[in-house]
Amino acid sequence: MFRIGEFSKIAQTAVSQLRYYDQIGLFQPDHTDESTGYRYYSTNQLPELNRIIALKELGISLEQIKVMVLQDVSVQEIQGMLLLRKAQIEQTVQEQINHLKIIEARLKEAERPESLNFDGIILKSIAEQPFYSVRKIMPNLFDTIHLVTELREYVPDVAGKDQLGPLTIILHGNAFSIENVDIEVGFPVKRSIERALLLPGGSEVKGRVLQSEQSVISTIRVGAFENGYEKYAQLGRWIENSDFQISGPAKEIFIKPPSQGDPEDCVCEIQFPVTRPTTSV
């Protein structure tokens, strides 16, 4: 099973949210170690958590959700509520539409059977790689779009377009978060770049080296970002059913970045470094 920070990455849910749900008795760990107080979660709990989050994002209070969970409200009933809400905001701004897509993706995961289908997951090693990037705390995960736009516009002039690998996002931090996100965005490069670049928005692009990784699991997401919920859950189930554990931040490598105005036109590799836990004698 996963400790709370690791589970938050797999579930794409903030640690503070998981702790609060535990505190009010809405969603509790699969196991709590009495001697340490550590909370442990299982991917078997993902459908229940996704139902709760989908209901919350529909504007339903946590007290009402607790009642609905006890009544075992079906995914189909939640989908009916979602369709009603979607009809009410069809003419709202694009940000709200994206918000609904996230809810839909959560519901798909809640409805999905607890399958151990690991098709498309690859275990591989990665060599050391020069990296030209910006790392900063972003107020909002979606603000990353503006940083990516600047990088794609200005970095090729410094590094040379033929020297750049695919756009890569590294999700630092001990847990998933939407706000105050510790994120690094950049490009693998064929040779190290010493020159720093100051972007118009004030961010500084610097060169560093991504260390080699002996074991990395990866899978491919095709389409918009909300399709990633299924892929993160699939990777989590693979880890939980193996003798590996997460050993570093997730990476999203854009083999084909989304074209302007069409987020569905995208191919992204999601990676987690993993390691086998050491056993004491």
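As a reminder, the structure under discussion sits directly above these lines.
What counts, and at which threshold
- Residues numbered from 1 in each chain as written.
- Predicted model: local features only at pLDDT ≥ 70, side-chain atom pairs only at ≥ 80, totals over all residues.
- Heavy atoms only, no water.
- Phe/Tyr/Trp six-rings, centres within 6.5 Å; stacked < 30°, edge-to-face > 60°.
- Helix = DSSP H or I, 4+ residues; strand = E, 2+ residues; numbered from the N terminus.
- Buried < 20%, exposed > 50% of the residue type's maximum accessible area, 1.4 Å probe, protein only.
- Core = buried A, V, L, I, M, F, W, Y, C linked by side-chain atoms within 4.5 Å.
- Contact = heavy atoms within 4.5 Å.
- 1 Å grid on protein atoms, 1.4 Å probe; cavity = no way out; pocket = protein on both sides within 12 Å on 5 of 7 lines; lining within 4 Å.
- Points joined across faces, edges and corners; volume = space filled by probe spheres on them.
- Nonpolar A, V, L, I, M, F, W, Y, C, P; charged D, E, K, R; others polar.
- Salt bridge = Lys/Arg side-chain N within 4 Å of Asp/Glu carboxyl O.
- Expected span 1.5 Å × (residues − 1).
- Pairing = 2+ DSSP bridges.
- Disulfide = S-S within 2.5 Å.
- Patch = residues over 30% accessible without salt bridge, like charges linked within 9 Å, V, L, I, M, F, W, Y side chains within 5 Å.
- Areas by Shrake-Rupley, 256 points an atom, 1.4 Å probe, with all protein chains shown as cover.

Trainee: Sorry if this is basic, but what is going on with the packing of aromatic side chains here?
Mentor: The description of two aromatic rings rests on the distance between their centres and on the angle between their planes. Within this structure, the stated rule accounts for four aromatic pairs. Aromatic pair Phe27 and Tyr41: ring centres 6.0 Å apart, planes at 15°, arrangement stacked. Highlighted residues: Phe27 in the loop between helix H2 (15–23) and strand E2 (31–32) and Tyr41 in strand E3 (residues 39–41), separated in sequence by 14 residues. Across the pair, exposure class does not vary: Phe27 and Tyr41 are buried alike. Among the aromatic residues, those joined into a ring-pair cluster are Phe7, Phe27 and Tyr41.

Trainee: Would you take a moment to explain the nonpolar core for this structure?
Mentor: General note: in soluble globular proteins, nonpolar side chains tend to be found buried as a group. Counting 62 residues, the largest nonpolar core has Phe7, Leu151 and Val155 as its most contacted members. Ranked by residues supplied to this core, first place goes to helix H3 (residues 46–57) with six residues. Beyond its immediate chain neighbours, meaning those up to four positions away, Leu151 contacts Val134, Pro156, Val185, Gly186, Phe187, Leu199 and Val205.

Trainee: Please clarify how the layout of surface pockets should be interpreted in this entry.
Mentor: One water molecule sets the probe size; rolling that probe over the atoms shows where empty space is left. In this structure, the second largest pocket spans a volume of roughly 370 Å³. Taken together, 22 residues line the second largest pocket, and the ones lying closest to its centre are Ile126, Leu210, Gln211, Lys251 and Gln271. Contributions of two or more residues to the lining of the second largest pocket are made by strand E6 (168–171), strand E9 (204–210), strand E12 (250–256) and strand E13 (267–275). Residue composition of the lining of the second largest pocket, by class: eleven nonpolar, seven polar and four charged.

Trainee: How should I be thinking about the pattern of salt bridges in this particular structure?
Mentor: Pairing between side chains becomes possible if they bear opposite charge and their charged atoms approach one another. Counted by the stated rule, this structure contains seven salt bridges. Taking the shortest distance from any N to any O, the salt bridge between Arg208 and Glu184 comes out at 2.8 Å. Taken as a pair, Arg208 in strand E9 and Glu184 in strand E7 (residues 179–188) lie far apart in primary sequence, 24 residues in all. When its relative accessible area of 35% is taken as the criterion, Arg208 is described as partly exposed.

Trainee: Would you explain H3 in this entry?
Mentor: An α-helix turns once every 3.6 residues. As a result, residues three or four positions apart point the same way. For H3, built from twelve residues, the straight-helix expectation of 16 Å at 1.5 Å per residue is met to within 8% by its first-to-last C-alpha distance of 16 Å. Every buried residue of H3 is listed here: Leu46, Pro47, Leu49, Asn50, Ile52, Ile53, Ala54 and Leu55. Gly59 occupies a position one or two residues after H3 and carries a positive phi of about 95°.

Trainee: Is there a simple way to explain the sheet that holds strand E1 (residues 2–3) in this structure?
Mentor: In a beta sheet, neighbouring strands are held together by backbone hydrogen bonds and run either parallel or antiparallel to one another. What the three strands build is an open sheet, ordered E1-E3-E2; its pairing is antiparallel. A single partner strand is all that each edge strand has here, and the edge strands are E1 and E2.

Trainee: Any chance you could explain the environment of Glu213 here in plain terms?
Mentor: Inspection of the secondary structure puts Glu213 in strand E10 (residues 213–222). Glu213 sits 86 residues away from Ala127 along the chain, and the two C-alpha atoms are 6.6 Å apart. Leave out the neighbours within four places in its chain, and Glu213 touches Ser125, Ile126 and Pro273.

Trainee: Please clarify how the state of the cysteines should be interpreted in this entry.
Mentor: Defined simply, a disulfide is a covalent bond joining two cysteines at their sulfur atoms. Enumeration according to the criterion identifies zero disulfides in this entry. Here Cys266 stays free of any disulfide, with the sulfur of Cys268 as its closest cysteine sulfur at 5.8 Å. By relative accessible area, Cys268 is classed as buried at 0%.

Trainee: Just checking my understanding: could you explain the side chain of Glu184 for this structure?
Mentor: Residue Glu184 is classed as buried on the basis of its relative accessible area, which comes to 2%. In this structure, Glu184 is in contact with Phe131, Ser133, Val134, Arg135, Thr168, Ile169, Ile170, His172 and Arg208, ignoring residues within four places of it in sequence.

Trainee: Got a minute to help me understand a nonpolar patch on the surface in this structure?
Mentor: A contiguous nonpolar patch, built from Phe142, Ile145, Ile178 and Phe225 and spanning about 340 Å² of accessible area, is present on the exposed surface. Relative to the assigned elements, Phe225 resides in the loop between E10 and helix H8 (228–240).

Trainee: Just to check I follow, could you spell out the side chain of Thr144 for this structure?
Mentor: The residue Thr144 is located in helix H7 (residues 144–159) in this model. According to the relative accessible area criterion, Thr144 is buried, its value standing at 5%. Look past the residues within four positions of Thr144 in its chain and what remains in contact with it is Met138, Ile169, Ile183 and Val185.

Trainee: Please explain the environment of Leu198 as it appears in this structure.
Mentor: Its place among the elements puts Leu198 in strand E8 (residues 197–198). Residue classification places Leu198 among the exposed residues on the basis of a relative accessible area of 61%. For the pair Leu198 and Tyr154, spaced 44 residues apart in the sequence, the C-alpha separation amounts to 9.4 Å. Once residues lying within four places of it in the same chain are set aside, the contact partners of Leu198 are Ser203 and Glu204.

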